[in-house]
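Remarks on the overall topology
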Amino acid sequence: MSVPAPVPGTAPSSRRAWRWIALLAAFAVLFVSPVVVLGLRAVAARWSYPHLLPEAYSLRALELLVRDGGRLARSLVSSTVYSSVTVLLAFAVSVLPASVLARYEFRGRLAVEALLLSPVLVPAITYGIGLHFLMIRVGLANTTAGVVLVLTAASYPYMLRSLTAGFQQIHPDFDRCAANLGASLHRRVLTVHLPLLGPAVVAGGSVVFLVAFSEYFLVFLVGGGVVPSYTGYLFPYVSGGDWTIGAGLTLGFVVVPLVLFVAIDRTLALYYRRRGMTGIQ
Amino acid sequence: MSYPRRPLPTAFADRRRVAFRLAPLLVFFAMTVGVGLVHAVLQSLALAGPPALDPARETMSRWYAYHELLTRPDLLRSLGHTVYVAAVSAVGCVALGSVGAYLLWRAPDWVRRAGAVYRLPIILPHIVVAFITVLFWSETGLVASLLRAAGVVRGTAAVPRVLFAGHGVGPILAYVYKGFPFVMLMSLGVLDRVPERLVTTATMLGAGPVRVFGAVVLPLLAPLLNQLFIILFLYALGGFDIPWILGASRPQMIPMTVYALYFQGSLADRSIAMAALVLLAATAGLFVVVYARIARRLSARERPV
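Residues numbered from 1 in each chain as written. Chains lettered and ligands numbered in written order. Predicted model: local features only at pLDDT ≥ 70, side-chain atom pairs only at ≥ 80, totals over all residues.

1. Some remarks on the overall build of chain B
How we decide: Helix and strand assignments come from DSSP, with helices taken as H or I runs of at least 4 residues and strands as E runs of at least 2, each series counted from the N terminus. Computation of the radius of gyration draws on C-alpha atoms, with the globule rule given as 2.2 Å multiplied by the number of residues to the power 0.38. To assign burial, the other C-beta atoms lying within 10 Å of each residue's own C-beta are counted, with C-beta atoms placed from the backbone; 20 or more indicates buried, 12 or fewer indicates exposed, and intermediate counts indicate partly exposed. We call two residues in contact whenever the C-beta atoms placed from their backbones are within 7 Å.
Assigned secondary structure in chain B consists of 14 helices and one strand. The C-alpha radius of gyration of chain B comes to 24 Å, more than 25% above the 19 Å expected for a compact globule of 305 residues. Evaluated residue by residue, chain B yields a buried proportion of 37% over its 305 residues. The contacts of chain B with a sequence gap of at least 6 include a subset with a gap of at least 24, amounting to 72%.

2. A short note on the overall build of chain A
When its secondary structure is counted, chain A shows 10 helices and three strands. Secondary structure elements of chain A occur, N-terminal to C-terminal, as α-β-β-α-β-α-α-α-α-α-α-α-α. Compactness check: chain A gives a C-alpha radius of gyration of 24 Å against a globular reference of 19 Å for 281 residues, more than 25% above the reference. For chain A, the spread of C-alpha atoms along the principal axes amounts to about 75 × 70 × 35 Å. Taking all 281 residues of chain A together, 37% fall into the buried category. Within chain A, contacts between residues at least 6 apart in sequence are counted, and of these 69% link residues at least 24 apart.

3. A closer look at the environment of Ile230 of chain B
Among the secondary structure elements, Ile230 of chain B is positioned in helix 11 (residues 209–238). Through-space distance from the C-alpha of Ile230 of chain B to that of Phe287 of chain B is 7.3 Å; in sequence the pair is 57 residues apart.

4. A word on the domain arrangement of chain A
Residues and elements named next belong to chain A. Counted only if it meets this: For the domains described, the bounds stem from an automatic or database domain assignment.
What the domain assignment lists for chain A is domain 1 (1–58) and domain 2 (65–274). For domain 1 versus domain 2, the distance between C-alpha centres works out to 34 Å. Each partner contributes to the interface: domain 1 provides six residues, whereas domain 2 provides seven residues. Broken down by element, the residue count for the side of domain 1 that touches domain 2 peaks at five residues, all from helix 1 (residues 11–42).

5. A short note on the interface of chain B and chain A
Keep this limit in mind: Amino acids outside the nonpolar list (Ala, Val, Leu, Ile, Met, Phe, Trp, Tyr, Cys, Pro) and the charged list (Asp, Glu, Lys, Arg) are all regarded as polar, and Gly is one of them. Two strands pair under a simple rule: DSSP has to find at least two bridges between them.
Listed as interface residues are 71 residues of chain B and, on the opposing side, 67 residues of chain A. In terms of residue count, the dominant contributor to the side of chain B that touches chain A is helix 1 (residues 12–44) of chain B (14 residues). Split into classes, the residues belonging to the side of chain B that touches chain A amount to 52 nonpolar, 13 polar and six charged. The pairing of strand 3 (residues 104–105) of chain A with strand 1 (residues 6–7) of chain B spans two bridges and is classified as parallel. Within strand 1 of chain B, the position partnered with Tyr104 of chain A by the bridge is Arg6 of chain B.

6. Details of the environment of Ala30 of chain B
Positionally, Ala30 of chain B belongs in helix 1. Between the C-alpha atom of Ala30 of chain B and that of Glu68 of chain B, which follows or precedes it by 38 residues, the distance is 29 Å.

7. Thoughts on unusual backbone geometry
Although it is not a glycine, Asn142 of chain A adopts a positive phi angle of roughly 60 degrees. Turning to its location among the elements, Asn142 of chain A is positioned in the loop between helix 4 (124–138) and helix 5 (144–168). One non-glycine residue, Ala46 of chain B, lies in the positive phi region at around 60 degrees. Within the secondary structure, Ala46 of chain B sits in the loop between helix 1 and helix 2 (55–59).

Right, dumping it as structure tokens:
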């Protein structure tokens with residue numbers, strides 16, 4: 001965090017600058033200190049009350065990679081896979097309804113929209129336990145497919161909302177022009193709709209991925225401990241088992257989404273620049 | 001900008017096509033959320049689920065589960081405690097989040113850029129936020145160490161117990177920390193479209209920063225804050241991950257109670273667990289309906305900024 005010095009010689013604005021520095025200091029305490037503490041905790045061999053810094057350091061958290069690396073990697077891969085499939089499924093079920101909800105006004109539109117967005121508001125546990133019971137019956141419990149289904153049910157509204165907003169920003173004439181020029185539906189979807197929807201897909205997809213990747217309870221319930229997950233792997237450590245390892249694993253939750261979002265952002269920017277599409281949205 | 005919706009096409013074939021586009025998601029919704037809820041309702045009335053092995057259950061009333069839920073003191077206390085934790089958390093998120101957004105919105109660019117770290121808790125999973133809360137606020141946590149180093153308290157006995165004391169401070173701290181940056185993010189999205197001249201005018205008319213917040217910013221944010229309050233309130237009402245780590249055992253948060261009754265209790269307890277879930281879903285449904293009403297009224301007289 002670089003903080004430029006306030007311009008000297010401007011008395012009122014330098015007093016104001018101090019106020020902003022105070023605000024940033026508060027932010028540092030609130031949002032930077034937890035990461036620092038997690039980082040220290042991850043390399044602390046002993047850190048007990050009332051010491052303000054660890055008493056001894058160790059790389060025990062790293063040894064976990066050697067000792068249990070296979071299980072850790074499996075849980076990470078599994079979480080990434082079911083979260084990615086959840087994004088794809090959420091997109092698949094939301095894209096056509098979003099186009100309708102964005103373009104047409106009809107009686108009951110608000111009711112349909114409220115119903116379809118309701119999984120964001122109705123706590124997942126209310127339908128999760130009943131759904132789990134039925135999944136046992138049809139053999140979906142303890143499978144990755146079951147986990148994807150329940151995660152999609154809980155998170156698709158973010159995709160739907162984002163795509164609806166995206167469709168609303170596309171001028172209907174774009175589609176008509178392309179159709180007049182003889183483009184088939186297939187071609188229009190690929191060359192007109194999807195590129196214009198890009199940002200909305202990325203926004204919705206990022207939220208869905210994050211929700212799926214971070215979820216503990218639903219995966220624990222439907223996956224039944226058989227489907228490996230990063231949150232499930234982490235849980236015993238943070239709930240009292242071993243704070244050093246818990247803190248180390250937790251840092252993964254800060255790094256993975258950051259890397260992912262920066263990568264997506266860069267790729268998209270590159271893609272749009274190549275196609276000369278900057279400035280349309 | 002967004003383009004206005006047009007009326008449905010009148011030709012029957014076109015209308016059918018529109019219906020076909022909505023159908024897959026409606027079916028998906030019904031097959032997941034729908035059947036899950038219906039099963040909860042049926043099992044709460046002992047109409048589905050495993051047959052009760054307890055013969056006494058056969059002679060009980062259909063409404064046994066609801067009756068227990070609303071008359072047993074420990075369950076009632078759980079319900080009340082959960083509503084209290086959820087309400088305080090949601091109010092805290094909205095209050096801190098809107099003020100935080102206002103401060104960042106008024107801040108110069110360099111503050112805004114450095115201040116972007118506020119987004120951290122948004123990407124953290126709930127169980128991680130709960131873990132951070134434990135690291136800082138437990139009796140032997142970092143805050144206690146800091147207080148002792150500053151000479152405010154001496155010895156462990158003097159440190160006030162913050163977590164697991166039964167007054168819900170642990171879950172509230174975690175929910176507020178996780179939620180208020182989200183409110184900031186959404187509020188900044190609205191505020192960034194508000195023209196500077198509104199604030200300039202108010203300032204020229206003599207309004208200070210506090211007055212500008214109350215008279216200009218809050219009314220503009222109100223519809224969004226109402227929405228966010230409902231989302232955060234309902235999440236905290238039914239969230240499992242945070243109470244699983246931070247919840248006291250007495251009084252218990254409802255999701256914990258449900259879990260214990262369903263997976264560790266007797267078969268008759270299962271119907272009580274389901275009744276609690278039905279009540280939770282009904283509360284949420286009521287909020288959705290009330291909210292849809294409010295949203296329609298608001299969008300009818302949406303004011304241009």
